[in-house]
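Fold and geometry: a report
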Amino acid sequence: MRGVVFTGKTELTEGLTVRDPRPDEVKVRIRAAGLCHSDLSVVDGTIPYPTPVVLGHEGAGEVEEVGSSVTSLEPGDRVILSTLANCGLCPACESGHPTMCPQSIGKLGRPFTLDGEPAWQFANTSVFTELTVVKERQAIKVDPDVPMETAALIGCGVLTGVGAVLNRAKVAYGQRVAVFGVGGIGLNVIQASRLAGATTIVAVDLLAAKEGFAREFGATHFVDASSNDAVAAIKDIAPGGVDWSFECVGHPAVIRNAVDALGWGGNCVILGVPPADTEASFLVSGMYMDKGIMGCRYGSSRPRFDIPLIVDLYRSGLLKLDELVSRTYALDEFEGALDDLRRGELARGVLAL
């Protein structure tokens, strides 16, 4: 079967196979896969990963085969995939924090073969291919009225951005928010902040062309960081600073700006993924007025609860998801799609399989 692999370079191959599902797994035929910066981070080395690895982690498709102990799905079901291969049994899972499950972190699998040799699965999913195998709990059933290109985005970009606001930060009515980086994650932070009732939502990006996107999704203000002091501009808009800042870029200088933009009692939520050895700095004296810095993994999400909720919000018109799809690509257009992602031209690009 066809798929995109990284072997030290990216390539589209027809030499992939995937094993049959184990008792608690399902085999899924991928219909759509979103392009995310995490995939780019594997390619450029920001996220170290063993090779060869089948890329992609934001996808949706149809169940083709189920393992012997699977009860919630059957062949033909349309599903959204989650990267969270949590166990469901440990204290973290039982207390509603599956992103903290030890089984969901650093457990690498090799269900694929490439030209007869084992190949790794990226982020427990690998969706830049025609077929993949995931745990039953990673495949969340979705009704056929949700387009596959839209459904694919929910499992990472939407879940991370919306979850960061609603689950981790719990933004409240009337609060002031700054969002650094208007990509797929940032746009979902913006629209979730609007949904949560934030009255000032400042979008910050180096590309002035992204202002239209930002305002469409709910930003009340836009700061072009290429020609403005972002922190000063934010404090002109929100005197004293914001209640919440969300760093969606993964750069130490941007993290510093996001911290400096906080007002008294404000908190910075870090979503961007820099290289693993990156260090960031801040003025300790600036933190004493009850300011905080928070990490956030995968939107602090509970995918089997949050994904159906996001679908309901989408159906009701409260979340924009179709509008996130900037362009669709065939699988053999992957390299061009990757270039568009690097140039910052996409809210989200989608591979249609």
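Here's a quick rundown of the structure.

What counts as what
- By convention here, each chain's residues receive numbers from 1 onward along its written sequence.
- pLDDT decides what is reported in this predicted model: residues at 70 or higher carry local features, side-chain atom pairs at 80 or more are listed and counted, and totals for whole chains, interfaces and linings draw on all residues regardless.
- Side-chain measures here rest on the full set of heavy atoms in the structure, leaving out hydrogens and waters.
- Throughout this description, the term salt bridge denotes a Lys or Arg side-chain nitrogen within 4 Å of a carboxyl oxygen of Asp or Glu.
- Numbering of helices and strands starts at the N terminus; helices are DSSP runs of H or I of at least 4 residues and strands are runs of E of at least 2.
- Patch membership requires more than 30% relative accessible area and the absence of a salt bridge. Residues of like charge join within 9 Å; the nonpolar side chains Val, Leu, Ile, Met, Phe, Trp and Tyr join within 5 Å.
- Computed with the Shrake-Rupley method and a 1.4 Å probe, the accessible areas treat only the protein chains shown as cover for residues.
- By convention a nonpolar core is built from buried Ala, Val, Leu, Ile, Met, Phe, Trp, Tyr and Cys residues, the set being connected through side-chain atoms within 4.5 Å.
- We call a residue buried when its accessible area falls under 20% of the maximum for its residue type, exposed when it is over 50%, and partly exposed in between, using a 1.4 Å probe and counting protein chains only.
- In this description, contact between two residues means that some pair of their heavy atoms is separated by no more than 4.5 Å.
- When DSSP finds two or more bridges between a pair of strands, those strands are recorded as paired.
- Working convention: axes come from line fits to C-alpha atoms, limited for helices to the stretch in contact. Angles between N-to-C directions cover 0 to 180 degrees.

This paragraph deals with the pattern of salt bridges. Taken as a whole, this structure holds 18 salt bridges when the rule is applied. As a salt-bridge pair, Asp-24 and Lys-135 come within 3.4 Å of each other at their nearest N and O atoms. Of this pair, Asp-24 sits in the loop between strand S3 (16-18) and strand S4 (25-34) while Lys-135 sits in strand S10 (residues 131-135), placing them 111 residues apart in sequence. Arg-29 is the partner of Glu-64 in a salt bridge, and the nearest nitrogen-oxygen pair spans 2.8 Å. Of this pair, Glu-64 sits in strand S6 (residues 59-66) while Arg-29 sits in strand S4, and the two are 35 residues apart along the sequence. One network of salt bridges, with partners in common, ties together Asp-20, Lys-27 and Glu-65.

Taken together, the side chains of Phe-282, Val-284, Tyr-288 and Ile-293 define a hydrophobic patch exposed on the protein surface, amounting to about 410 Å² of accessible area. Position of Ile-293 relative to the elements: it lies in strand S17 (residues 292-295).

Buried together is how nonpolar side chains tend to be arranged in soluble globular proteins. With 53 residues, the main nonpolar core has Val-171, Ile-190, Phe-246 and Leu-271 as its most contacted residues. Mapped by element, the contributors of at least two residues to this core are helix H3 (148-169), strand S12 (176-180), helix H4 (184-196), strand S13 (200-205), strand S15 (242-247) and helix H8 (303-315). The dominant element in this core, judged by the number of residues it contributes, is H3, at eleven residues. In this structure Val-171 touches Val-165, Val-177, Ala-196, Ala-198, Trp-244 and Phe-246, once residues within four positions along its chain are discounted. Counting 31 residues, the second largest nonpolar core, distinct from the first, contains Val-28, Leu-35, Tyr-329 and Leu-341.

Before going further, it helps to examine the sheet that holds S17. Across the sheet, six strands lie side by side as S14-S13-S12-S15-S16-S17; this open sheet has parallel pairing. Whereas interior strands pair on both sides, the edge strands pair on one side only; in this sheet they are strand S14 (221-224) and S17. Here the strands of the sheet are splayed against their neighbours by 20° on average, with no regard to which way each runs. Here S15 runs beside strand S16 (residues 262-270); their pairing, made up of five bridges, is parallel. Its bridge partner lying in S16, Glu-247 is registered against Ile-270. Across the sheet, helix H6 (residues 230-237) lies against S12, S13, S14, S15 and S16, angled at about 165° from S13, the strand it touches most.

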